[in-house]
Amino acid sequence: MLALCRVASLRDPDDLGTVEAAAVVVLRQRIRPDAAETLAYFAGQRVTVKVISGDNPESVSAIATSLGIPGGERAVDARTLPEDDPEKLAEIMEANTVFGRVSPHQKRLFVGALQSRGHTVAMTGDGVNDVLALKDADLGVAMGSGSGATRAVAQVVLMDDGFASLPSVVGEGRRVLANIERVAGLFLTKTFYAIVLSLLTGVIGLAFPFAPRHSTLINALTIGVPAFFLALAPSNERARSGFVPRVLRLAVPAGIICATAVYLSYWIAQSGSATLEESRTSAVITLFVAAWWVLVLVARPYVWWRVLLVAAMAGLFALALTVPFAREFFALTLGGPAAGLTAAGLGVAAGVVLTGVFVIARSRRAAPGPGDIKSAQDRPADTLGA
């Protein structure tokens, strides 16, 4: 606040005479209209906001309080912080929200202190004094109007300087990661049951239970077409560490179960009076039901279009079995109701086992191992704003 006063004369600085208050000028930061809404979004996502600035701690505290940031009324003067004790600094960082008089070197120390506690740290900034922290952060976000050095080290640059763009950035990242994991589960399941079938054929010498066109039909309806839609679908699932173990915990046993059910179906058909085409058709039915159930498990959580997608794949396979042209094109020959029900029953049994595997995989995912760093699912990330 700046007080402007009126005096009769300034000729004698020691004797101004009567001083009258003429005006009070209030200087304050102009808060972006979307700032409060953006911070509320991150609070709802369990992201802890840390406000760090080189300005006066009281000024920074006033801004944070006006935005409703928890703990904003308690400002810490960074000049009093211990720089030679990382553990103590990490404790102070976790216990406080607003920091003023922060030097560029201290911003970098702040990022390292939070990372040492297992936090995933994002840093926003626009000045040269933010470069060190942006470079060390897990995610550096720079403003488009910021310095060239800041934009060079940041992973994300907000060209419109709009902090409100970050929720959409988070949403896009979550969509990509969640959908890649979902689609990878489909593709790797196919890879592993193909490996098992190949080993049984090439090493043990069993007959391969399919013709190439059968694989084309199954892969199109359980992987190719569904993966196209699932890969582009919106998703707001939180990103989690351990992508590869999670996918393998589902794909490896799923592939083994599918291959086992297929050979069992083929062997039962061959043991009877079925022809080669009828035996292969039984194997195709079993594999489709099992692989389709993997799609059912992977497509969750269900919304109307996912339910429609899964049902459409089953409908298309039913058409391939019943329409004469499609049946002839894909070399499908049903051996009778009993053979079809047996093949479908083996696929359903495989689906039951797959469901158990899926439940076990999800329970292991929910409980991180002793060597796992707690991810955003277990403890909040930290967004540092400069």
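Above this text you will find the structure in question.
A brief look at the structure comes next. Given the structure is predicted, the values throughout are model-derived calculations rather than measurements.

### Thoughts on the side chain of Ser279
Part 1: Relative to the helices and strands, Ser279 resides in helix α10 (residues 276–298).
Part 2: In this structure the side chain of Ser279 is engaged in a polar contact, spanning 2.7 Å, whose partner is the side chain of Gln270.
Part 3: In this view, Ser279 contacts Tyr266, Ala269, Gln270 and Ala274; residues no more than four positions away in its chain are not counted.

### Some thoughts on the environment of Ile204
Part 1: Of note, Ile204 is situated in helix α7 (residues 166–204).
Part 2: Put simply, Ile204 and Gly140 are 64 residues apart on the chain and 54 Å apart in space, counted from C-alpha to C-alpha.

### Things to note about empty space enclosed by the protein
Part 1: In total, this model carries one cavity of 30 Å³ or more according to the counting rule given.
Part 2: Estimated volume of the largest cavity: approximately 40 Å³.
Part 3: If you trace the largest cavity, you find it lined by Leu186, Thr189, Lys190, Tyr193, Thr222, Ile223, Ala291 and Val294.
Part 4: Contributing elements (two or more residues each) for the lining of the largest cavity: α7, α8 (212–232) and α10.
Part 5: For the lining of the largest cavity, the element with the most residues is α7, which contributes four residues.

### Some words on a nonpolar patch on the surface
Part 1: On the surface, Val176, Ile180, Phe243, Val244 and Leu248 cluster together into a nonpolar patch covering about 380 Å² of accessible area.
Part 2: Those elements that place two or more of their residues in the nonpolar patch are α7 and α9 (243–271).
Part 3: When residues in the nonpolar patch are grouped by element, the largest group, three residues, is from α9.
Part 4: Among the secondary structure elements, Val176 is positioned in helix α7.

### Side note on the pattern of salt bridges
Part 1: Taken as a whole and judged by the stated rule, the model has nine salt bridges.
Part 2: Among the salt bridges present, the one from Arg79 reaches Asp77, with a minimum N-O distance of 2.7 Å.
Part 3: A relative accessible area of 59% means that Arg79 is categorised as exposed.
Part 4: A salt bridge links Asp130 to Lys107, with the nearest nitrogen and oxygen atoms 2.6 Å apart. Highlighted residues: Asp130 in the loop between β6 (121–125) and α5 (131–136) and Lys107 in helix α4 (residues 104–116), separated in sequence by 23 residues. The pair formed by Asp130 and Lys107 is uniform in burial state, with each residue classed as buried.
Part 5: Each of Glu87, Glu94 and Arg117 takes part in a single network of salt bridges with overlapping partners.

### Concerning a negative patch on the surface
Part 1: A grouping of Glu83, Asp84, Asp85 and Glu91 is seen on the molecular surface, where their side chains present a negatively charged patch.
Part 2: Its place among the elements puts Glu83 in the loop between β4 (75–77) and α3 (86–95).
Part 3: Judged by its relative accessible area of 42%, Glu83 falls in the partly exposed class.

### Let's talk about the environment of Val7
Part 1: As for its position among the elements, Val7 is in the loop between β1 (2–6) and β2 (20–25).
Part 2: In this structure the C-alpha to C-alpha distance between Val7 and Ala21, which are 14 residues apart in sequence, comes to 9.1 Å.
Part 3: If we skip the residues at most four places from it in the chain, Val7 touches Leu16, Thr18 and Val19.

### Description of the packing of α7 against α8
Part 1: In the contact formed by α7 and α8, the axes pass within 9 Å of each other and the chain directions differ by 170 degrees. The angle between the axes of α7 and α8 places the two elements in the roughly antiparallel class. Each of Arg175, Asn179, Arg182, Val183, Leu186, Phe187, Lys190 and Tyr193 in α7 lies in contact with α8, whose residues at this interface are Ile218, Asn219, Thr222, Ile223, Ala227, Leu230, Ala231 and Leu232.
Part 2: Class assignment of the residues belonging to the contact of α7 with α8 gives a composition of ten nonpolar, three polar and three charged.

Thresholds applied
- Residues numbered from 1 in each chain as written.
- Predicted model: local features only at pLDDT ≥ 70, side-chain atom pairs only at ≥ 80, totals over all residues.
- Heavy atoms only, no water.
- Helix = DSSP H or I, 4+ residues; strand = E, 2+ residues; numbered from the N terminus.
- Polar contact = N/O pair within 3.5 Å; in protein donor to acceptor, adjacent residues only side chain to side chain.
- Contact = heavy atoms within 4.5 Å.
- 1 Å grid on protein atoms, 1.4 Å probe; cavity = no way out; pocket = protein on both sides within 12 Å on 5 of 7 lines; lining within 4 Å.
- Points joined across faces, edges and corners; volume = space filled by probe spheres on them.
- Patch = residues over 30% accessible without salt bridge, like charges linked within 9 Å, V, L, I, M, F, W, Y side chains within 5 Å.
- Areas by Shrake-Rupley, 256 points an atom, 1.4 Å probe, with all protein chains shown as cover.
- Salt bridge = Lys/Arg side-chain N within 4 Å of Asp/Glu carboxyl O.
- Buried < 20%, exposed > 50% of the residue type's maximum accessible area, 1.4 Å probe, protein only.
- Lys, Arg positive; Asp, Glu negative; His and termini not counted.
- Charge placed at Lys NZ, Arg CZ, Asp CG, Glu CD.
- Axes fitted to C-alpha atoms, helices over the stretch in contact; angles between N-to-C directions.
- Parallel < 35°, antiparallel > 145°, perpendicular 65-115°, else oblique.
- Nonpolar A, V, L, I, M, F, W, Y, C, P; charged D, E, K, R; others polar.

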